[in-house]
Structure formats: C-alpha cells, structure tokens
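Observations on the three-dimensional arrangement
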Amino acid sequence: MVTSIKDTIHLNNGVDMPQHGFGVYLIKDEDEARPAIAKAVASGYRAFDTAQFYENEALVGKLLKESGLPRSDFFITTKVTNPKQGYDSTLRSVEKSMKDLQVEQIDLLLVHWPSKKHFFETWKAFERLYDEKLVRSIGVSNYEKHHLEKLAARSNVKPAVNQIECHPYLAQKDLRAWLAEQNIAAEAWSPLGRGAVLNDETIGGIAEKHGKSPAQVIIRWHLQHGTIVIPKSVTPARIAQNADVYDFSLTDEEMSAIDALDRNGRTGPVPDEVYEKI
Ligand code: A2P
C-alpha cells in the first residue's frame, strides 16, 4: 500500500521511480512556474515530468537548480517530440534537452507518440543513449499494446514505462493489465481528466465521505491501482492538496465504484491516428 509521496515503483531495469510526480505541461511563464515548482518541491514532489514539446525544459532545469536540493534528489522525465523523431535528430534533441535541463543524465526518456515512419530509428537512438548512460531508463508514451508488440520484435531494451492518457473516464483497464504482465510500468497523463471527472457525482460522494477533494480521491485511485501519477496544477494550494493523499485510503468498494465510471472518455489524440500521421 502506498504510504508517502516518496514511495517508488521498481522499474524493469532496476531503477526506482517515484510513483507520484508533478506534471509541468503548459507551465511556461516564469512568474507562474517559480511559485508552482517551489510549492511542489516544498510539498514533497521529487519527480518532475516535462517534454520537449512543452518548451519549458530550460525553465524547469533552472527552477529545480534554484530549489537548492542536489540533482540526485530529483527524478526528471522528458520526452522526444514528434518532429525530432528519427535516429540523428533524436540524439541531437536529447543533447539539447540535457543542456536545457542542466543535467548530465536524464532519469527517464520517453518517445512522446508512436510514429510509423520513425518507429525503430527513434528507439535505436534511445537504446544508444541508454547504453551510453546518458539516460537512466527509457520508455514510451501513448503506445497501444500492438505498438509495444511491434517494438519488442525488433529491439534490445524493453521500455520501462508507458505513459498513457488515463483517468476514471478512460481507465485503460486492459492495457494496464497487459502492461503489468509485461512488467512495463503504467504512468497516467491527464490523471484528473481535465475538469469533467473532477465534477463527477460518484467521486464527489466518495470525496465527501473522506473529507477530501475529488482530485485527491482520483489521485488515490491511481496510486492504489499501482499507476504512476503526475497531476499538474499551477495553483499552489492545489499543488499542496494533490500531494496530501497519504492520510486516507479508498476501500475495495470505492475503487470498484470509480472503476465503473469508465466510458472511453478520451480527451487527447487517438494514438493510432498520430502513429499514421507522423
Ligand atoms: P490549475 O492548473 O489551474 O490549478 P490533468 O492533469 O488531468 O490534465 O488536470 C489538470 C487540470 O486540473 C488543470 O487545469 C488544473 O488547474 C486542474 N487541477 C489540478 N489539481 C486540481 C485540484 N486539486 N482541484 C481542482 N482542479 C485541479
């Protein structure tokens, strides 16, 4: 059972990754980012999830440095953006990410979306970065089972993580179960379902019973399912609230009631459509 924001998931390559991190998508403005990241660090977050696409790696790198904590305290994830996929451009883009983030090594590097065109070349570059120890672990994002099966047929290193859209309205039950069988950690993006799920009546009822907020209940649901969760917020009070989920737990009945809300409520792009396009 999860007991603290310091709890980790043991990845398939032996690296320990915090199960509960902070997402920084859309945090670009320094005046907004500074208090948000300071609050996140003060609230106990040590894992930060960024991406080349977010255009904030330099800002995140600078603000984590400013925190005064040593680099080794943090677990930093970034992702290679679609236009940078391919062997050489992946290598060059990661060099720039490391410079921007002011790190010698990235903790987790993800392929942001599956790409039919660059499928194996991008992963070959990832394997090279991993062999050269420039990244501690490599994984993918938005991969369906069949993408991972295709990758497994022609790769040497298995992805450690698959980061997917996942929240109570898109619970990804089958994919999560398959990932667990494969020993690939599931990580949820948009874990709160961006608004709609936060207003759900069932979740509201459970939240009221525990004296917690709907966001806290949803984060707890992810954690109790063993999913890595990276809620994002620019609001300091919510950042602290989203970290404060270790003084209650959901019963089996409550977990099932939230599981039953699943309704294919995808908010982001369909992975197979992106795969064909990029
Ligand atoms: P804000 O950044 O303005 O605080 P998701 O991670 O599912 O995409 O959801 C992120 C959205 O949820 C953001 O718009 C964020 O708003 C909002 N949010 C994050 N934490 C909470 C919370 N504890 N209560 C209500 N809304 C929240």
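Everything here concerns the structure above.
Below, the structure is looked at part by part. (Residues numbered from 1 in each chain as written. Predicted model: local features only at pLDDT ≥ 70, side-chain atom pairs only at ≥ 80, totals over all residues. Heavy atoms only, no water.)

1. As for the overall build of the protein chain
Let me state the cut-off plainly: Elements are defined by DSSP. Helices are runs of H or I of four residues or more, strands are runs of E of two residues or more, and each kind is numbered from the N terminus. Radius of gyration means the value over C-alpha atoms here, while the globule rule gives 2.2 Å times the residue count to the 0.38 power. With a 1.4 Å probe rolled over the protein chains alone, any residue whose accessible area is under 20% of its type maximum counts as buried; one over 50% counts as exposed, and the rest are partly exposed. For this analysis, residues touch if any pair of their heavy atoms sits within 4.5 Å. Think of it this way: Lys and Arg go in the positive column, Asp and Glu in the negative one, and His and the chain ends go nowhere. Charge placement uses NZ in Lys and CZ in Arg. For Asp and Glu, CG and CD serve respectively.
When you go through the protein chain residue by residue, the secondary structure sums to eleven helices and ten strands. For 278 residues, the compact-globule estimate of 2.2 N^0.38 gives 19 Å, and the protein chain sits close to it at 18 Å. If you line up the protein chain on its principal axes, its C-alpha atoms span 55 × 40 × 30 Å. Counting only residues that meet the buried cut, the protein chain has 54% of its 278 residues in that class. Sequence separation of 24 or more characterises 76% of the internal contacts of the protein chain that already satisfy a separation of 6 or more. For the protein chain, the centre of its 34 positive side-chain charges and the centre of its 39 negative side-chain charges are spaced 4 Å apart.

2. Some remarks on unusual backbone geometry
Of note in the backbone geometry, Lys 133 takes a positive phi value of approximately 65° without being a glycine. Residue Asn 142 is not a glycine yet carries a positive backbone phi of 65°. The residue Asn 142 is located in the loop between β7 (138–141) and α5 (145–153) in this model.

3. With respect to the site of the ligand
What counts, and what does not: A molecule or strand has a residue near it when one of that residue's heavy atoms lies within 4 Å. Any N or O atom pair separated by 3.5 Å or less is treated as a polar contact, with the protein-specific requirement of one donor-capable and one acceptor-capable atom, and with residues adjacent in sequence counted only for side-chain atom pairs. Note on areas: Shrake-Rupley, 1.4 Å probe, and residue coverage restricted to the protein chains presented here. Any residue that is not Ala, Val, Leu, Ile, Met, Phe, Trp, Tyr, Cys, Pro, Asp, Glu, Lys or Arg is counted as polar, Gly included; the first ten are nonpolar and the last four charged.
Close to the ligand lie 14 residues; Lys 232, Ser 233, Thr 235, Arg 238 and Gln 241 are nearest. In the model, an oxygen atom of the ligand is placed 2.8 Å from a nitrogen or oxygen of the Ser 190 side chain. Between the ligand and Thr 235 there is a distance of 2.6 Å, counted from an oxygen atom to a side-chain nitrogen or oxygen. Compared with its free state, where it exposes 570 Å², the ligand has 78% of that area covered by protein. Broken down by element, the shell around the ligand gets its largest block of residues, three residues, from helix α9 (residues 236–243). When grouped by side-chain class, the residues that make up the shell around the ligand number five nonpolar, six polar and three charged.

4. Focus on helix α1 (residues 30–42)
Each α-helix winds once per 3.6 residues, and so residues spaced three or four apart point in a common direction. Note the threshold: Expected helix span is computed as 1.5 Å times (number of residues minus one). Directions from the helix axis toward the C-beta atoms define the arc.
Here α1 contains 13 residues, and its C-alpha end-to-end distance of 18 Å stays within 8% of the 18 Å for a straight helix at 1.5 Å per residue. If you check which residues of α1 are buried, you get Ala 33, Ala 36, Ile 37, Ala 40 and Val 41. One side of α1 holds all its buried residues, which, seen down the axis, span an arc of 130°. In α1, those exposed residues whose orientation departs by more than 90 degrees from the buried face are Asp 31 and Ala 42. Just downstream of α1, Gly 44 is the residue with a positive phi angle, here 105°.

5. Concerning the pattern of salt bridges
Selection rule: The working definition used for a salt bridge is a side-chain nitrogen of Lys or Arg within 4 Å of a carboxyl oxygen of Asp or Glu.
According to the stated counting rule, one finds 16 salt bridges in the structure shown. The partner of Lys 116 in a salt bridge is Glu 276, and the shortest N-O contact between them spans 3.0 Å. Taken together, the residues Lys 116 in the loop between β6 (108–111) and α4 (119–131) and Glu 276 in helix α11 (residues 271–277) connect sequence positions 160 residues apart. Using a relative accessible area of 44% as the deciding quantity, one classes Lys 116 as partly exposed. Here the salt bridges do not stand alone but share partners, grouping Glu 30, Arg 34, Lys 62 and Glu 66 into one network.

6. Concerning the nonpolar core
Applied cut-off: Residues enter a nonpolar core if they are buried and are Ala, Val, Leu, Ile, Met, Phe, Trp, Tyr or Cys, with the set joined through side-chain atoms within 4.5 Å.
By size, the foremost hydrophobic cluster in this structure holds 52 residues, and its most contacted members are Phe 22, Ile 37, Phe 48 and Leu 109. For this core, the element with the highest residue contribution is α4, accounting for six residues. Among residues more than four places away in sequence, those in contact with Phe 22 are Ile 27, Ala 36, Ile 37, Ala 40, Tyr 45, Ala 47, Phe 48, Asp 49, Ile 230, Pro 231, Ser 233 and Ile 239. Grouped together as the second largest cluster of nonpolar side chains are 21 residues, Leu 192, Ile 206, Ile 218 and Leu 261 included.

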